[in-house]
Amino acid sequence: MSLSLRFAAGSHKGMIREGNEDSGYAGPRLLAVADGMGGQAAGEVASSEVISALVQLDDDIPGSDLLTALGRSVQRANEQLRVMVEDDSQLEGMGTTLTALLWTGQRLGLVHVGDSRAYLLRDGSLSQITQDHTWVQRLVDEGRITEEEAGTHPQRSLLMRALDGRGQVEPDLSIREVRAGDRYLICSDGLSGVVSHQTLEETLAGYRGPQETVQELIQLALRGGGPDNITCIVADVLDTDDGDTLAGRLHDAPVVVGAVAENQHAIADQRAMQTPAGRASELGRNVPPPAPAPEGAFGPPGSGGHDLQQGSFGAYAGADLGKPRRKGRWFKNTALIVLALGVVGGGLYGGWRWTQTQYYVGTEDDHVAVYRGVDQDLAWISLSQIHEDRPDIELKYLPNYQRKQVRETIAVNSLAEADAKVGALLKQAVVCEKVVLIDQQREQEAKEREKEKDASGSTGRPAQPGSSPSAGGTGTGGGAVVGENPAAPAAMSFSVRSLLPASLTVPMATATPSPGITTAPDAGGTGKPGGSDGSDGKAAADPAPSLSLSPEEQKLAQQCDTGRQ
């Protein structure tokens, strides 16, 4: 069985970034994506340089030691970044991620550094075959946050590993066995951070070729807001021996995209070949030289201008300079203006209709709200409005990072996802508010114990429960006496408690006795509780049970320490 790759690559700068710092390369043996960082063109330089260092692997098929070849290329690229920073201090702080697959015909070598990702679609099921080298992924691995929380964590872009030339880099290296029918996706976080895993799986499993799939993935990321550069490569493993018509149309022309391809139109300029982008562009694209223009032709090369015979130029006559008056020109211009206005108006209306299918979670004053639309303004027109106000979820009871997420708005893919996110915030807010109440309860009990201690010191002996003297001086009167009663906190309630299932609510007393107050037998010695007049009744309502946290709430409460005000 002979296996080959059919591949396609694409890149887009996104909707917010001014330039594209991603670089991508797809060839018959090498697939690689690098996501640059550093700003001021440094990220663009870093990603281009790393791709340039790996491109040679597409021509030189390594022997049995596939991982060694990948590891050495990565180290050379990292060393080159160090030299570039030493030569130009303005490049200080630049770096890049790298995720690449090297094909040998039966196996794939995988090298990975950073938070770009590689996925494998096999038998209709999509799995991520790389692990993000980020701070939030470490929190997920330690069980401190969930996968859902990692997707909106404010520090989700903080890398723990990258190629930056500052020291020895430790990439993840692995060998993967391949099968005919496998489909691989390599992408920057501009795609994986916006499009959900389920949507990626459904798109990759569709009956479309790599090129159409790449275009659809980029469009999905753009519809999700396109907050970052978007680069992706899709490659199919085909069996060239089974008569597959698709395998018969394989081509070996490499493709370069993103920052590394920006100089592809300046390959003829030898100065461009001094840059990493220029060198990789020449390796990736075979740009044919422009055809020479025929003698006497007008227009750019290849425009097919008319041949002019010598001596065909004569003196201009007045009729040659005059322009014939065109009848009905005003009508044509008016029609064009109306058509243009109609197109613009239709586009604006279509855009507005699209915004009404979008939702996000944000703030309204000091609490949470679900909005329909996008968090943008068009001139003086707001493109969003409150869909559901949630005053029961106060920001002050959310952890710091969740409060920041909500204030910066949390993008979701559907109303159902928004409701699920709000439900999680509600549960977290209830637990954090309960933690605050428990702290207040403990403070109140501590104050009461301090008062009793002070009272015992002033009399020279500790107060004994039930020994307060009565009006007759016998010590058996029916008045209230001072005693120890730690299970009597002041009455408390909280606003969001009624919205939770019964399993999460905490029973609260509507009235509680003052701490340290208990009842004594009546003057008649009957033992009935009551006042000094012997009336039948309780001196105070039953004490409220102490607040406590379930195991699930205790896990959520660990995040409240940074969120309490």
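From a predicted model like this one, the values you see are computed outputs, not experimental measurements. (Residues numbered from 1 in each chain as written. Predicted model: local features only at pLDDT ≥ 70, side-chain atom pairs only at ≥ 80, totals over all residues. Heavy atoms only, no water.)

K.L.:
Just checking my understanding: could you explain the overall build of the chain for this structure?
P.N.:
In terms of regular secondary structure, the chain is built from 14 helices and 18 strands. Classification of the 565 residues of the chain by burial places 42% in the buried group. Expressed as a percentage of contacts within the chain between residues at least 6 apart in sequence, the contacts between residues at least 24 apart total 67%. Counting only carbon and sulfur atoms, one obtains 51% of the accessible surface of the chain, whose full area is about 31,100 Å². (Helix = DSSP H or I, 4+ residues; strand = E, 2+ residues; numbered from the N terminus. Buried < 20%, exposed > 50% of the residue type's maximum accessible area, 1.4 Å probe, protein only. Contact = heavy atoms within 4.5 Å. Areas by Shrake-Rupley, 256 points an atom, 1.4 Å probe, with all protein chains shown as cover.)

K.L.:
Help me understand a nonpolar patch on the surface in this model?
P.N.:
On the surface, a cluster of nonpolar side chains totalling about 300 Å² of accessible area is made up of Leu336, Leu339 and Val343. Overall, Val343 belongs to the exposed group, its relative accessible area being 55%. (Patch = residues over 30% accessible without salt bridge, like charges linked within 9 Å, V, L, I, M, F, W, Y side chains within 5 Å. Salt bridge = Lys/Arg side-chain N within 4 Å of Asp/Glu carboxyl O.)

K.L.:
Please explain the sheet that holds strand β10 (residues 183-187) as it appears in this structure.
P.N.:
Two modes of strand pairing occur in sheets, parallel and antiparallel, and in both the strands are linked by backbone hydrogen bonds. Strands sit in the order β1-β11-β10-β7-β8 across an open sheet of five strands; the sheet is antiparallel. At either margin of the open sheet sits one strand with a lone partner, and together these are β1 (3-12) and β8 (125-128). Averaged over all adjacent pairs, the angle separating strand axes in this sheet is 20°, with direction ignored. Docked against the sheet, helix α6 (residues 197-204) engages β7 (117-122), β8, β10 and β11 (230-239), running at close to 130° with respect to β8. (Pairing = 2+ DSSP bridges. Axes fitted to C-alpha atoms, helices over the stretch in contact; angles between N-to-C directions.)

K.L.:
Would you mind going over the side chain of Thr231 with me for this structure?
P.N.:
Within the fold, Thr231 resides in strand β11. A relative accessible area of 0% means that Thr231 is categorised as buried. Reaching out from Thr231, the side chain makes a polar contact with the side chain of Asp22 at a distance of 3.0 Å. The contact partners of Thr231, leaving out residues within four places of it in the chain, are Gly10, Ser11, Asp22, Gly24, Val33, Ile186, Cys187, Ser188 and Val257. (Polar contact = N/O pair within 3.5 Å; in protein donor to acceptor, adjacent residues only side chain to side chain.)

K.L.:
Mind showing me how you'd approach the state of the cysteines here?
P.N.:
Covalent bonding between the sulfur atoms of two cysteines defines a disulfide. Counting across every chain of the model gives one disulfide. For Cys187, which is in no disulfide, the shortest distance to another cysteine sulfur is to Cys232 and amounts to 7.0 Å. (Disulfide = S-S within 2.5 Å.)

K.L.:
What should I look at first to understand the packing of helix α1 (residues 42-55) against helix α2 (residues 66-87) in this one?
P.N.:
Packed helices, taken two at a time, are described by the angle their axes make and the gap between the axes. Two elements in contact, α1 and α2, have axes separated by 9 Å at closest approach and are oriented at 140°. It follows that α1 is oblique to α2 by the angle criterion. Along this stretch, α1 crosses α2, giving a crossing that reads as right-handed. Residues Val45, Ala46, Glu49, Val50, Ala53 and Leu54 of α1 form the contact with α2, whose participating residues are Ser73, Ala77, Gln80, Leu81 and Met84. Residues belonging to the contact of α1 with α2 are distributed by class as follows: eight nonpolar, two polar and one charged. (Parallel < 35°, antiparallel > 145°, perpendicular 65-115°, else oblique. Left-handed = near helix turned anticlockwise from the far one by under 90°. Nonpolar A, V, L, I, M, F, W, Y, C, P; charged D, E, K, R; others polar.)

K.L.:
Teacher, can you tell me more about the nonpolar core here?
P.N.:
Looking at soluble globular proteins, one finds that nonpolar side chains tend to be buried together. Grouped together as the largest cluster of nonpolar side chains are 32 residues, with contacts concentrated most on Met94 and Leu98. Contributing elements (two or more residues each) for this core: β3 (30-37), α1, α2, β5 (98-103) and β6 (107-113). A per-element tally of this core places α2 first, with eight residues. If we ignore the near neighbours within four places in the chain, the residues touching Leu98 are Ala32, Val33, Val50, Leu54, Val74, Val111, His112, Val113 and Leu163. The next biggest cluster of nonpolar side chains, apart from the first, holds 24 residues, and it includes Tyr359, Val370, Val406 and Val430. (Core = buried A, V, L, I, M, F, W, Y, C linked by side-chain atoms within 4.5 Å.)

K.L.:
Looking at this structure, how should I read unusual backbone geometry?
P.N.:
Trans is the prevailing form of peptide bonds, just as negative phi is the prevailing case for residues other than glycine. One non-glycine residue, Asp123, adopts positive backbone phi at about 55°. Within the secondary structure, Asp123 is located in the loop between β7 and β8. We note that Asp365 has phi near 60°; this positive angle belongs to a residue other than glycine. Of note, Asp365 is situated in the loop between β13 (359-364) and β14 (367-378). On the basis of relative accessibility, which here comes to 65%, the residue Asp365 falls in the exposed class.

K.L.:
So what exactly am I meant to see when it comes to the confidence of the model for the chain here?
P.N.:
The predicted coordinates of low-pLDDT regions are not to be read in fine detail. Chain-level pLDDT for the chain is 75 on average; 67% of the residues reach the 70-or-more range. For the chain, per-element mean pLDDT is lowest for strand β18 (residues 517-518), which scores 34, and highest for β10, which scores 98. A low-confidence stretch, residues 284-327 stays under pLDDT 50, and its non-local contacts, those more than four residues away or across chains, total 25 contacts. (pLDDT = per-residue confidence, 0-100.)

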